[in-house]
Amino acid sequence: MTEHSTMSALFRVRALAVCGTRLWCAVTGPLTVGTTHALRTELTDRCAGTTVVALDLRQLTCTSARIPLAAPWPDDPHTIHVLASESLSSRTADDPRLRRHTELRTTWRAWTALCL
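As the structure is a prediction and not an experimental result, all values here were calculated from the model.

**Digging into the overall build of the chain**
Inference 1: Of the regular secondary structure elements, the chain holds three helices and six strands.
Inference 2: Along the chain, helices and strands appear, N-terminal first, in the series β-β-β-α-β-β-α-β-α.
Inference 3: Sorting the 116 residues of the chain into buried and exposed places 47% on the buried side.
Inference 4: Across the chain, every contact between residues at least 6 apart in sequence was considered, and the portion connecting residues at least 24 apart equals 61%.
Inference 5: Carbon together with sulfur atoms contributes 55% to the accessible area of the chain, which is approximately 6,200 Å² in total.

In structure tokens form, the structure reads like this:
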């Protein structure tokens, strides 16, 4: 588990599952202008060498009216499954790698599709 403290804000990134080059992470804490860059850096480092990532962002809170221009998505993966509330995922930056989900079951099914 990794914790970062940036401008009095704390977020956590936990790896929950690994399957070959697939990684499932959960992120908790506030998403602010000050934490977006640090979170992106952490996710990019953690997801290096992966092809498919699932990010469970249900416990990530957006503390501003809109998400900062730079979304915290990692650089490496070809596909990123994002499990988030509708209010959070509707405000994310357009990225062709993103597959948005609102239910755990559909996210898990998509992430494990080639693992089984």
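**Quick notes on the nonpolar core**
Inference 1: Ranked by internal contacts, the top residues of the largest apolar core, which has 21 residues, are Leu 39, Leu 55, Leu 57 and Trp 73.
Inference 2: Of all elements in the fold, only strand 2 (9-19), strand 3 (22-31), helix 1 (33-46), strand 4 (52-62) and strand 5 (79-83) reach the threshold of two or more residues within this core.
Inference 3: With residues near it in sequence (within four places) discarded, Leu 57 still touches Val 27, Trp 73, Val 82, Leu 83, Ala 84 and Leu 88.
Inference 4: Of all hydrophobic cores here, the second largest spans five residues; its members include Ala 17, Trp 24, Ala 54 and Trp 111.

**Brief notes about helix 1**
One turn of an α-helix holds 3.6 residues; hence residues three or four places apart share an orientation.
Inference 1: Counted at 1.5 Å a residue, the expected span for helix 1 with its 14 residues is 20 Å, and the 21 Å between its end C-alpha atoms agrees.
Inference 2: Taken together, the buried positions of helix 1 are Gly 34, Thr 35, Thr 36, Ala 38, Leu 39, Glu 42, Leu 43 and Thr 44.

**Focus on the packing of aromatic side chains**
Inference 1: On inspection of all chains with the given rule, the structure shows three aromatic pairs.
Inference 2: With a centroid separation of 5.7 Å and an interplanar angle of 90 degrees, the aromatic rings of Trp 24 and Trp 111 are classed as edge-to-face. Residue Trp 24 is found in strand 3, and its partner Trp 111 is found in helix 3 (residues 104-112); the two are separated by 87 residues along the sequence.
Inference 3: Using a relative accessible area of 3% as the deciding quantity, one classes Trp 24 as buried.
Inference 4: Here the aromatic cluster, defined as three or more aromatic residues joined through ring pairs, consists of Trp 24, Trp 108 and Trp 111.

Definitions and limits used
Residues numbered from 1 in each chain as written. Predicted model: local features only at pLDDT ≥ 70, side-chain atom pairs only at ≥ 80, totals over all residues. Heavy atoms only, no water. Helix = DSSP H or I, 4+ residues; strand = E, 2+ residues; numbered from the N terminus. Buried < 20%, exposed > 50% of the residue type's maximum accessible area, 1.4 Å probe, protein only. Contact = heavy atoms within 4.5 Å. Areas by Shrake-Rupley, 256 points an atom, 1.4 Å probe, with all protein chains shown as cover. Core = buried A, V, L, I, M, F, W, Y, C linked by side-chain atoms within 4.5 Å. Expected span 1.5 Å × (residues − 1). Phe/Tyr/Trp six-rings, centres within 6.5 Å; stacked < 30°, edge-to-face > 60°.

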